[in-house]
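A structural walkthrough
What follows is each chain in one-letter form.
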Amino acid sequence: MSDNINTKQIVIMDFVPTRDLVVFPNMTLYFDVGRSFSVKSIKNAMENDTLVFLAAQKDVNVERPEKKDCYSIGTVVRVKQIVRTGSVYRALVEGINKAKIVDIYEQRSNYKAEIRMMHNYPREKLDKTEVIAVFREVVKAFEEYAKLLPRMPQELYAQILGAKTPIELFESIAFNISLSFTDRQALLEAASVGEKLAMLLTILSREINVLTLEQQIHDQVRTQIEDNQREYYIREQIKALQRELDGEDADGEENEISKYSDRIKKLGLDEKSEEKLLGEVKRLSHMPMGSQEAVVVTNYLDTVLSLPWNSFTKDRTDVKKAAKILDNDHYGLKKVKERILENLSVRALAPDVKGQILCLVGPPGVGKTSVAKSIASALGRNFVRVSLGGVKDESDIRGHRKTYVGSMPGRIINAMKLAGSMNPVMLLDEIDKMSNDFRGDPSSAMLEVLDSEQNNAFRDHYIEIPFDLSEVLFITTANTLDTVQAPLLDRMEVIELSSYTREEKYNIAKRHLLKKQLEKNGLKNSMFKISNDALYKLIDGYTREAGVRNLERTIGKLCRKAAREIVENDVKSVSFTVSNLQKYLGHEKFLPDIVSQEDSVGCVNGLAWTSVGGVIMPLEVLVLDGKGKIELTGSLGDVMKESARIAVSYCRSIADKYGINSDFYEKKDLHIHAPEGAVPKDGPSAGVTMITAIVSALSGIKVRSDVAMTGEITLTGKVLAIGGLREKTMAAYKAGVKTCIVPFANKGDMDEVEDIVKMNVEFIYAKTISDVLDAALVKEKGARKMPLELMANKKTRGRKKIMV
């Protein structure tokens, strides 16, 4: 076709812009077609038995190319076959003629191109002798190229060396050897066969130089390594290539080592530490890169240099702002907040004061971990958490020596690395859950960490140089102090967090939990409404815990119920009240405390403390004919049994005052019972309750049902102080008790009692048992006393225990 073409005639045909592909005239090859407009053009040519024009894009990333995006010279081809493979078509084409683009038209479904045909091999500009010389040089160059390329097929080698004409030689080489996209385009655009061969000779010469250099690098690397050190081989290849590219003999290792030295000097360490690290750098310089020892030293240096040496954050000195942050994040926790604000105030006056060690002790779910984050935010410091639960190896704290395979720094140093500063707030969570075995005792390792006199030079086994922990504010958490070693406990300032009271839970739910769960479940405030009484019902009837985790889960459950209601029934909002809670959550999981509803004989409302808060603990006493035996039931502990004996002895001393037979201890049996017998009970604070119940049962005087009491007793009738007053008084308020009798010695603890309790409950401060009995026993003028033993006749003896 090339001999009879009209080079002035303009032809319009389907056009396919190719990416990274150049087709030569007389060349047959497969290529993939994916773009819809290209597929359309290929299909048209196949179905109509017409030609299609192919020209390469300059930028393969252009999806809809224009004329300026394509090379001006391409090839007219004939489509011989189309095969679909998934979403891509594979086309077999045969190059027919070279052509030049005049213009390109983008139609709806494909491209059309105006092209002007060109001669494939126009009249030669070089004389015949020059063409022959170039022909021979190309053959020689190919022979050398083939020697450096061991995978050259023998048939192709014979075909190229057997070429008789310049055109045959050019096409045999250009069609079959690996050339870059730009080289192929340049060969296509070259005019005569002489020019094409000259350009091909240049390309072959360049490829020979590259292959020769690769062979030299390969040989150079092979002399330095063993065959099985593949990683080392790759590193040396990169190094040799880098030397050739840079044109200099400077080794990358030297640059790396000098960087280590510069970084160490900039840290500002003490002389011994700097000398130690520079010594490690010197050792590294004498090791072959990639060796096991070099990897160990490199990891060590990287770890040490990644620590925040002499990097500090600025403490917030605005105490009011810090207090606001703490109040916004947590409700209650007054002791913790006061301690942190005191610390902040001290730092404002004495910036050089070292870090303190606080220990937050309390039941699960009361906010020990979360308050540590708020403390960091209030102080303007970085926060990092270290979990110590289940740690039983000393190396977890101090790290492993770097000579061991897989060694690493301990949790403290790793936490400092994560914190990014020398003065973070570090939370040591669950310090009471550490244990020990044959690998060492992590609690002993913590002694140095938490000693403000020693931790300014803490030595981790891995980094081997002293690290200053004295600026760190350590906050530890524990559920109990029983498992914490005494020396470790001595180093910490303990702040006890008691369980949340009913009012605190209500406020936490109102301020924090509701917002959190609404956001978590994709609800807006207008879509979810819950009454205050319903919130109290959730606290009293559906959860019983020290913290608020189950309360949050229960609120989350209500949010999910509301979301389903909104989606299924297309309602705008869902309201929860006391009356419909059972519909969504089922019956109440916890019953209210048992409280006497009317004045009765031998039944007294006591107050007790549990891990989930205060409770009403009624005590019942029954007097029976007998021989002075005392029966104690209700899973009472040893201390409570002793309190019962003290109560009986004291009752003998005041028998005459309350009309009690003086020989009751010989002729009557006393049965003292605390309901909910499956729950173990112990402690001395039920002493006053027992005396009141026994006096009432023996004398027949009723006890006021609206009175609750707590207090330890002595044989002389004194009332001693008790613990858990805050929780006990909240239980009394919640149960509707109007009067609460507490030891006079606990009057100073009233500051911790909730304001709402003080407003609704009358408090009587008792110094002696007489104060308790005067307030608790019903004063009935002229009423005949009926001892409880008279009630235990034949009609009542067969009945079960009384539950008031």
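What counts, and at which threshold
- The numbering scheme is per chain: residues are counted from 1 as the chain's sequence reads.
- Local features in a predicted model are, by the rule used here, given only for residues with pLDDT of at least 70; side-chain atom pairs are given and counted only at 80 or more, and totals for whole chains, interfaces and linings are based on all residues.
- Hydrogens and water molecules were not included; the side-chain quantities draw on all heavy atoms of the structure.
- Put simply, DSSP marks the helices as runs of H or I at least four residues long and the strands as runs of E at least two long, and each gets a number from the N terminus on.
- As a per-residue quantity, pLDDT reports the predictor's confidence and falls between 0 and 100.
- It only takes one pair of heavy atoms within 4.5 Å for two residues to be counted as in contact.
- At least two DSSP bridges between two strands are needed for those strands to be called paired.
- What counts as an axis is a line fitted to C-alpha atoms, over the stretch in contact for a helix, and the angles between N-to-C directions run from 0 to 180 degrees.
- Pairing of aromatic rings covers Phe, Tyr and the six-membered ring of Trp, with a centre-to-centre limit of 6.5 Å; geometry is then stacked below 30 degrees between planes, edge-to-face above 60, and tilted otherwise.
- For the exposure calls, accessible area comes from a 1.4 Å probe over protein chains only, and a residue counts as buried if that area is under 20% of its type's maximum, exposed if over 50%, partly exposed in between.
- Each ring is checked for a lysine NZ or an arginine CZ that lies within 6 Å of its centre and within 35 degrees of its normal; such an atom marks a charge sitting over the ring.

Quick word on the environment of F37
- For F37, the position within the fold is in helix α1 (residues 36-48).
- Along the backbone, F37 and R64 are 27 residues apart, and their C-alpha atoms lie at a distance of 9.4 Å.

Thoughts on the confidence of the model for the chain
- On average, residues of the chain carry a pLDDT of 82, and 91% of them reach 70 or more.
- Mean pLDDT values for the elements of the chain range from 63 in helix α7 (residues 230-246) up to 93 in strand β23 (residues 739-743).
- Considering only residues more than four positions removed or in separate chains, one finds that residues 782-804, a stretch of pLDDT under 50, has 37 contacts.

Section: the sheet that holds strand β17 (residues 613-625)
- Read across the open sheet, the seven strands follow the order β18-β19-β17-β16-β20-β23-β24; overall the sheet is mixed. Each edge of the open sheet is held by one strand with a lone partner, namely β18 (630-633) and β24 (762-766). Between one strand axis and the next, the sheet turns by 25° as a mean value, whatever way the strands run.
- Both strand β16 (residues 603-610) and β17 contribute to a ladder of eight bridges, which runs antiparallel. The partner of N605 across the bridge, within β17, is P618.
- Along the sheet face, helix α22 (residues 638-653) touches β17, β18 and β19 (668-673) and points at about 145° away from the line of β18.
- In the packing of helix α25 (residues 725-734) onto the sheet, contacts are made with β16, β17, β23 and β24, and the angle to β17 comes to roughly 75°.

Here's the deal with the sheet that holds strand β8 (residues 383-387)
- Here we have five strands laid out as an open sheet, ordered β8-β9-β12-β7-β13, and parallel in their pairing. Either end of the sheet is taken by a strand with one partner, and the two such strands are β8 and β13 (493-496). Each strand axis lies, on average, 20° off the axis of its neighbour in the sheet, ignoring direction.
- Judged from the four bridges that link them, strand β7 (residues 357-361) and β13 form a sheet pairing that is parallel. Within β13, the position partnered with C359 by the bridge is V494.

With respect to the packing of aromatic side chains
- Taken as a whole and judged by the stated rule, the model has 13 aromatic pairs.
- With centroids separated by 6.2 Å and ring planes inclined at 90°, the aromatic side chains of F664 and Y665 adopt a geometry described as edge-to-face.
- Since its relative accessible area comes to 3%, F664 is described here as buried.
- Directly above the aromatic system of Y665 lies the positively charged group of R652, at a separation of 3.5 Å from the ring centroid.
- Positioned above the aromatic ring of F744, the side-chain terminus of K767 is 4.6 Å from the ring centre.

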